[in-house]
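# Commentary on secondary and tertiary structure
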Amino acid sequence: MTQALEIAYCDLQCQKNNALHHTDEISDNRLIVRRGQPFLIALQFKEREFIEGSDNIIFAVETGPWPDEASGTKAVFLLRKALVRRAWSAAVQSNGDNALMVVIMPSSKAIIGQYTLKVQITKGSKATTYKLGTFVLLFNTWCADDDVFLDDEPKRQEYVMNDYGFVYQGNQNWISPCPWNFGQFEDDIIDISLRLLDKNLNYLQDAFKDLSHRNNPVYVSRVVCAMINSNDDNGVLQGNWGEDYSNGVSPSAWNGSTAILRKWFKKDCEPVKYGQCWVFAAVMCTVMRSLGIPTRVVTNFDSAHDTNNNLIIDEYYDPTGKKLEKESHDSIWNFHVWCECWMARKDLPPGYGGWQVLDPTPQETSNGIYCCGPASVRAIKEGELHLHHDGPFVFSMVNADCVTWTIYGTKKEKYFCDPHTIGRRISTKSVGTDDREDITHTYKYDEGISHIDMINIQRIMKTKLGFTSTPFLCLQT
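Criteria and thresholds
Residues numbered from 1 in each chain as written. Predicted model: local features only at pLDDT ≥ 70, side-chain atom pairs only at ≥ 80, totals over all residues. Heavy atoms only, no water. Helix = DSSP H or I, 4+ residues; strand = E, 2+ residues; numbered from the N terminus. Buried < 20%, exposed > 50% of the residue type's maximum accessible area, 1.4 Å probe, protein only. Contact = heavy atoms within 4.5 Å. Areas by Shrake-Rupley, 256 points an atom, 1.4 Å probe, with all protein chains shown as cover. Lys, Arg positive; Asp, Glu negative; His and termini not counted. Charge placed at Lys NZ, Arg CZ, Asp CG, Glu CD. 1 Å grid on protein atoms, 1.4 Å probe; cavity = no way out; pocket = protein on both sides within 12 Å on 5 of 7 lines; lining within 4 Å. Points joined across faces, edges and corners; volume = space filled by probe spheres on them. Nonpolar A, V, L, I, M, F, W, Y, C, P; charged D, E, K, R; others polar.

## Thoughts on the overall build of the protein chain
Looking only at helices and strands, the protein chain has twelve helices and 22 strands in total. Taking the principal axes of its C-alpha atoms as reference, the protein chain extends roughly 100 × 50 × 45 Å. When the 477 residues of the protein chain are sorted by exposure, 55% land in the buried category. Counting contacts in the protein chain only where the partners sit at least 6 residues apart, residues at least 24 apart contribute 65% of the total. Accessible surface computed for the protein chain: about 20800 Å², of which carbon and sulfur atoms make up 48%. When the 48 positive and 59 negative side-chain charges of the protein chain are each reduced to one mean point, those points stand 4 Å apart.

And the structure:
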């Protein structure tokens, strides 16, 4: 009678796998891999080698506190002769000398996070289960089947692998590049990023449902966006736009993300004081790159904050020319900073994937939570403002009309409209260099919109956004 097959130990081949999965900068002694790309493990047996057709080997991967196949938090798959594309699968690469080299394929749609790898060996009616170890699974921008696939190696290197960059500040006439250390490959940042996902309100309310959606970069990016600010939860950063930072750190004193994320983590997820827009965006960029989603930091000069969702920035003055601040909550910032993340948008019509705006600065709520996006940059340019998520708000930041009113007692008179003030010299770091790239053209067409274009915008506002009347819009002649 053939002796039962027993595992002596498992080698997860961390150093080799991590190099192939572009994660060796994080660690060479823990397994960190990307979905949709195979990795190797070596099984060493005690007394004999694996006998194909006689020994049955079944693998299982599990994530979360309640692993479940239906929700995607558990997968069970047989050892086969060949891998199955797009699905969890395992195949023999080599067999001999009581050792079995196995190649495992993670699904290209798998949930990201910390996994446990198990194996069950069956012979006859006897089954023995072994825990082989743990690994982290990330999004994979190198995999064509992954929703974050980016078919450009220099851009992958810039938007996932580059751990430093610039955040642009100042004003449109004086743009200042401020260096920033993203530090996404520091060995503890991936753990902090995963901890951040587990502190979001959706997870606390229904962990089972939240985990089942972590295969979707649209969902994950929205969760991260909400968790960077602390307005609804124990998010990473507390905002402060005043002048007193005595019980914290001035936003302008930060020059990297790692100190902020580590402080939040070590103080049991207590919000770090303080942040403003560029700090929120830079920290979000770190988390997103650590999870494998291509991300860049973007600065918009003369950026509008439209509080009433009418795509207009209203300014009010008395007859003497004194500005009446209390008449409107709208504002224009010298600059505002957000993130763009690269992903497919299968929830939108074709053509609206690619760069998506995600703004973690707490300005207005979105479905009751302080976050913004992901909003398709292409949709913003085309005026398709009915698409998810937060299109009208993002559109107003780059393309709102600035309307000046004069108040005479209880009456107001429209004094001036400027359709060109908002959204200038939108900037990000260039790929592979330290130069600034102007990406204004990705958000809007050249200034000088026609009557026909404006009428189309009015039609969109009425039919798709539900306005019962069209707000005043400036027509170009």
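## Remarks on empty space enclosed by the protein
Applying the stated criterion across every chain yields a total of two cavities of 30 Å³ or more. If you add up the space inside the largest cavity, you get close to 70 Å³. Glu-158, Tyr-159, Tyr-164, Gly-165, Phe-166, Phe-182, Arg-289, Arg-296, Val-297, Thr-428 and Lys-429 together form the lining of the largest cavity. Across the lining of the largest cavity, the residue classes break down as five nonpolar, two polar and four charged. Counted as a void, the second largest cavity has a volume near 40 Å³. If you trace the second largest cavity, you find it lined by Leu-348, Ala-375, Ser-376, Ala-379, Ile-380, Glu-384, Leu-387, His-388, His-389 and Gly-391. Of all the secondary structure elements, the ones that give two or more residues to the lining of the second largest cavity are β18 (375–376) and α9 (377–382). Grouping the constituent residues of the lining of the second largest cavity by class yields five nonpolar, four polar and one charged.

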